[in-house]
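Listed below, chain by chain, are the residues.
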Amino acid sequence: MSLAPPPAQFFAGLDWAAEIHAVCVMDHTGQILDRFTVAHSAEGITMLIRRLAKLADAADVQVGIERPNGRLVDLLLQAGHPVVPVSPNAIKTWRDGEVLSGAKSDAGDAAVIAEYLRLRQHRLRVAVPYSDDTRALRTVVRTRTNLVGMRVAATNQLAALLDDHWPGAKAVFADVESPISLEFLTRYPTPASAAHVGEKRMAAFMTKHGYSGRKPAAELLNRLRAAPAGARGQALTEALRDAVMALVGVLKALNSAVKDLDRSTAAHLGEHPDGKIFTSLPRSGQINAAQMLAEWGDCRQAYDGPDSVAALAGCTPITKESGKHRAVHFRWACNKRFRLALTTFADNSRHASPWAAKIYGDARKTGKDHPHAIRVLARAWIRVIWRCWLDGNPYDPTKHGAAAALMESIAA
């Protein structure tokens with residue numbers, strides 16, 4: 001989140017590092033007033049804030065840094081300093097133009113950031129902290145997304161292991177990461193351990209673990225036997241058992257952790273003041289609504305309009321023009337999590353909203369492929385959500401002019 005920075009008299013460039021930060025402070029004329037380093041520790045950050053406070057009030061000392069978040073940024077914001085995130089690529093280009101020798105150092109980079117901040121402050125944006133509710137929601141949502149990614153990776157590893165050594169175990173159930181499949185692999189981790197499984201034993205196993213599929217035990221057992229024979233040999237069997245049990249343990253732990261975070265996400269979404277807006281959207285669901293809200297945020301002044309939100313979410317293209325050449329490209333530079341959350345919602349919404357289905361269908365008729373049409377729909381939804389978000393009201397299709405008009409035409 002960012003807003004236009006207020007006027008400042010002093011500009012501090014901070015070259016962030018894992019252990020030691022280099023700092024350079026300039027006044028509005030470009031004269032360097034101070035250079036120093038601070039440790040990335042409680043004492044070091046306290047010293048940084050105290051040293052900057054000697055120059056002027058915190059509001060008059062802008063701090064440029066090559067990252068938009070983290071505890072250092074949080075503490076600087078709490079102290080009252082306008083913190084301006086700057087692009088590392090922009091700083092590199094600026095340094096290459098200013099330092100012709102190509103020399104580079106942490107102290108030099110801090111000076112470049114301070115100079116860039118001083119001269120470009122009218123084009124930069126100052127960071128605005130999220131509310132506690134949004135930060136809490138973002139923490140659980142992003143952690144859940146990361147765990148889901150880890151689960152996908154572990155599932156692929158387990159599937160590849162079974163393909164190589166025991167294809168039958170992978171073929172029994174539809175999803176190798178499902179609870180019933182993981183229980184099966186826990187009980188029968190190798191071909192040898194399942195060699196004497198019969199129809200009655202399979203049926204008993206299914207009953208014990210609450211199998212909800214509609215396939216009889218005989219059919220599941222046939223899948224197991226029809227697949228290529230599994231690996232043999234004592235040494236390989238022992239190794240396979242250890243590898244399968246390790247991956248099964250990882251997947252069980254990840255499944256449990258994701259379920260816990262699902263509950264936490266729903267709880268934080270329900271406590272968020274804007275939660276009702278995103279859950280009111282058609283087919284948004286608890287998790288997807290939380291993902292959108294966590295990335296959208298709750299600072300009304302941070303966006304110029306719905307187009308700013310669409311750009312942040314990567315739902316608008318990039319146009320490049322030079323002379324007679326003009327090209328429109330996919331927007332790569334964006335919040336990838338935000339784009340995934342909005343496009344997932346847009347894709348789901350077309351199955352519940354005739355208005356969304358029409359926009360998607362019209363986009364496809366013009367020759368756009370599925371992902372492009374979904375981004376078109378997502379951008380249309382952003383304009384609708386923007387109005388609900390500004391007003392603080394849940395989505396109501398009867399108050400959505402285009403949607404209501406379409407329903408009237410259908411009814412007529």
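Note that this is a predicted model, so its numbers are computed, not measured.

1. Describing the overall build of the chain
Then, number 1: Scanning the chain from terminus to terminus reveals 17 helices and 9 strands.
Then, number 2: The principal-axis extents of the C-alpha atoms in the chain amount to approximately 85 × 70 × 50 Å.
Then, number 3: By the burial criterion, 42% of the 412 residues in the chain qualify as buried.
Then, number 4: Total accessible area on the chain stands at roughly 21,200 Å², and carbon and sulfur atoms take up 53% of it.
Then, number 5: In the chain, which carries 52 positive and 40 negative side-chain charges, the distance between the mean positions of the two groups comes to 7 Å.

2. Some details on the packing of aromatic side chains
Then, number 1: By the definition in use, this model includes 17 aromatic pairs.
Then, number 2: Note on Phe173 and Phe184: the rings are 5.9 Å apart at their centroids and 70° apart in plane angle, and the pair reads as edge-to-face. One end of the pair, Phe173, is in the loop between helix H6 (167-172) and helix H7 (179-187); the other, Phe184, is in helix H7, with 11 residues separating them in the sequence.
Then, number 3: The buried category is assigned to Phe173, whose relative accessible area is 4%.
Then, number 4: The exposure class of Phe184 is buried, given its relative accessible area of 0%.
Then, number 5: Judged by centre distance (5.2 Å) and plane angle (50°), the ring pair of Phe184 and Tyr188 falls under tilted. Just as Phe184 is buried, Tyr188 falls in that class too.

3. As for the environment of Ala136
Then, number 1: When you line up the elements, Ala136 lands in helix H5 (residues 132-165).
Then, number 2: C-alpha separation for the pair Ala136 and His268, spaced 132 residues apart in sequence, amounts to 7.1 Å.

4. Remarks on the sheet that holds strand E2 (residues 10-15)
Then, number 1: An order of E4-E3-E2-E5-E6 is seen for the 5 strands of this open sheet, with the pairing classed as mixed. The open sheet has two edge strands, strand E4 (32-39) and strand E6 (83-85), and neither has a second partner. Between one strand axis and the next, the sheet turns by 20° as a mean value, whatever way the strands run.
Then, number 2: By the bridge criterion, 3 bridges tie strand E5 (residues 61-65) to E6 in an arrangement that is parallel. Within E6, the residue paired with Gly64 across the bridge is Val84.

5. Comments concerning helix H17 (residues 401-411)
Then, number 1: When H17 is considered as a whole, its buried residues turn out to be Ala403, Ala404 and Leu406. For H17, the arc enclosing every buried residue in end-on projection is 160°, short of the 170-degree limit, so these residues lie on one face. More than 90 degrees from the buried face of H17, the exposed residues found are Gly401 and Glu408.
Then, number 2: Buried residues along H17 sit against helix H15 (354-365).

Scoring rules and cut-offs
- Residues numbered from 1 in each chain as written.
- Predicted model: local features only at pLDDT ≥ 70, side-chain atom pairs only at ≥ 80, totals over all residues.
- Heavy atoms only, no water.
- Helix = DSSP H or I, 4+ residues; strand = E, 2+ residues; numbered from the N terminus.
- Buried < 20%, exposed > 50% of the residue type's maximum accessible area, 1.4 Å probe, protein only.
- Areas by Shrake-Rupley, 256 points an atom, 1.4 Å probe, with all protein chains shown as cover.
- Lys, Arg positive; Asp, Glu negative; His and termini not counted.
- Charge placed at Lys NZ, Arg CZ, Asp CG, Glu CD.
- Phe/Tyr/Trp six-rings, centres within 6.5 Å; stacked < 30°, edge-to-face > 60°.
- Pairing = 2+ DSSP bridges.
- Axes fitted to C-alpha atoms, helices over the stretch in contact; angles between N-to-C directions.
- Arc of directions from axis to C-beta.
- Contact = heavy atoms within 4.5 Å.

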